[in-house]
Amino acid sequence: AHYLIDADGSRVAQFVKESDTAWHAGNWCYNKHSIGIEHVGYASNKSGFSTALYDKSVELVNSIKSRWNVPIDRNHIVGHYQVPNGNNMDQCSPPCSAGLDSCESDLDYGGAGHHTDPGYYWQWCQYMEKLGGSCNCNDAWSLWNCTSDGTQAWRCDNGKLEKQECVSCTVMPVGQPDECKPVSVEPEPGPEAGPEPETEGGAELPEAGPSADAAADATPEGSTMSDAGASSGDGSPATSWGASDDDGGCSCRMSRASGRAEWWVFALLGMLGLRRRR
């Protein structure tokens, strides 16, 4: 792999230049178009990975993104368990996007060696949110699961991704939902009682409203109110990025050849634990 992050997040080792191909994925197409990050830990450990490891990994991914324009989404930030097995299917097929259990048990994924890391207890939603992206419902379980720092719990309930903000979160035995002590939301204060309205001859005096000029100043001509943010279509890059003189990884791109769309990995092959679940 290109990088290795220690279990406590204290150290990052680089073994291969980003501009060179590492043989980490068990799939030659993915090796050529990705940067591999190994994380020290045990995929079978329900206590999962340390918060410091997640934070160090996020720091590393952001550093790589600054050089290679990697889109922060789950089509480009993938686990070893999602890599197609080139012995059974096209090596350049998209990563497995089904639920965790389905991808891990499917012999068509996990690369040629059917790797299942980083395992069931890697917190994809916690990780993607720290990166500034988002996870999918297939990245969470049907029961509430605490994040490593105990500040959140996530679940996928009938196809709907849900998140709780927690004061604390208690990890329960497998098969039971983790227990989140929710952050209390203070009710908004109601309007305070004001003075009695002035009257003149028994009739209420109307309050002075804004003048037409003031209203015009508040809303500039031609402006409209809208939700923040903008849609970027399907997120596919319109042009390709070429390698620079700096140390870097894949040249994230979408190409078309012979009238047929070809899929590229674009990005990081991340989240590789050192021990398989099985």
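Only a predicted model underlies this, so the values are computations on that prediction, with no experimental measurement involved.

A look at the side chain of His 39
Its place among the elements puts His 39 in strand S3 (residues 35-39). Within the structure, the side chain of His 39 is placed 2.9 Å from the side chain of Ser 57, a separation counted as a polar contact.

Looking at the state of the cysteines
Tallied over the full model, the rule gives six disulfides. Linked covalently through their sulfurs, Cys 96 and Cys 103 form a disulfide whose S-S length is 2.1 Å. Here the disulfide of Cys 96 and Cys 103 is left-handed, its torsion about the S-S bond being about -85°. Classification of Cys 96 as buried rests on a relative accessible area of 7%. You can call Cys 103 buried: its relative accessible area is 1%. Between the sulfur atoms of Cys 137 and its disulfide mate Cys 156 the distance is 1.9 Å. Here the disulfide of Cys 137 and Cys 156 is right-handed, its torsion about the S-S bond being about 100°. With Cys 137 in the loop between helix H4 (124-131) and strand S4 (145-146) and Cys 156 in strand S5 (residues 152-157), this residue pair connects regions lying 19 residues apart in the sequence.

What to know about the pattern of salt bridges
Applying the stated rule across the entire model yields nine salt bridges. Between Asp 139 and Arg 74 there is a salt bridge, with its nearest N and O atoms 2.9 Å apart. On the criterion of sequence distance, the pair formed by Asp 139 in the loop between H4 and S4 and Arg 74 in the loop between helix H2 (51-68) and helix H3 (100-105) is long-range, its members being 65 residues apart. Residue class for Asp 139 comes out buried when judged on its relative accessible area of 8%.

Some remarks on the confidence of the model for the protein chain
Per-residue confidence for the protein chain gives a mean pLDDT of 75, with 66% of residues at or over 70. For the stretch residues 197-278, pLDDT sits under 50, and the model shows 140 contacts to residues farther than four places along the chain or on other chains.

Remarks on the sheet that holds strand S6 (residues 160-170)
One open sheet accounts for four strands, arranged S4-S5-S6-S7; its pairing is antiparallel. Where the open sheet ends on each side, the last strands, each with one partner, are S4 and strand S7 (179-182). Relative to S5, S4 runs antiparallel, the two being bridged by two bridges. Each residue of the ladder has a partner; that of Asn 145, found in S5, is Trp 154.

So, the layout of surface pockets
Considered as a void within the structure, the largest pocket measures approximately 280 Å³ in volume. In terms of lining residues, the largest pocket is bounded by 24 residues, among which Lys 46, Tyr 121, Gln 123, Asn 145 and Cys 146 are the most central. If you list the elements that add at least two residues to the lining of the largest pocket, you get H4 and S4. Each residue belonging to the lining of the largest pocket can be placed in one class, and the counts come to 14 nonpolar, seven polar and three charged. In this model, the second largest pocket occupies a volume close to 200 Å³. As for the second largest pocket, its lining consists of Lys 46, Tyr 120, Tyr 121, Trp 141, Ser 142, Leu 143, Trp 144, Asn 145, Val 174, Gly 175, Gln 176 and Asp 178. Residue composition of the lining of the second largest pocket, grouped by class: six nonpolar, four polar and two charged.

Rules used in this analysis
- Residues numbered from 1 in each chain as written.
- Predicted model: local features only at pLDDT ≥ 70, side-chain atom pairs only at ≥ 80, totals over all residues.
- Heavy atoms only, no water.
- Helix = DSSP H or I, 4+ residues; strand = E, 2+ residues; numbered from the N terminus.
- Polar contact = N/O pair within 3.5 Å; in protein donor to acceptor, adjacent residues only side chain to side chain.
- Disulfide = S-S within 2.5 Å.
- Buried < 20%, exposed > 50% of the residue type's maximum accessible area, 1.4 Å probe, protein only.
- Salt bridge = Lys/Arg side-chain N within 4 Å of Asp/Glu carboxyl O.
- pLDDT = per-residue confidence, 0-100.
- Contact = heavy atoms within 4.5 Å.
- Pairing = 2+ DSSP bridges.
- 1 Å grid on protein atoms, 1.4 Å probe; cavity = no way out; pocket = protein on both sides within 12 Å on 5 of 7 lines; lining within 4 Å.
- Points joined across faces, edges and corners; volume = space filled by probe spheres on them.
- Nonpolar A, V, L, I, M, F, W, Y, C, P; charged D, E, K, R; others polar.

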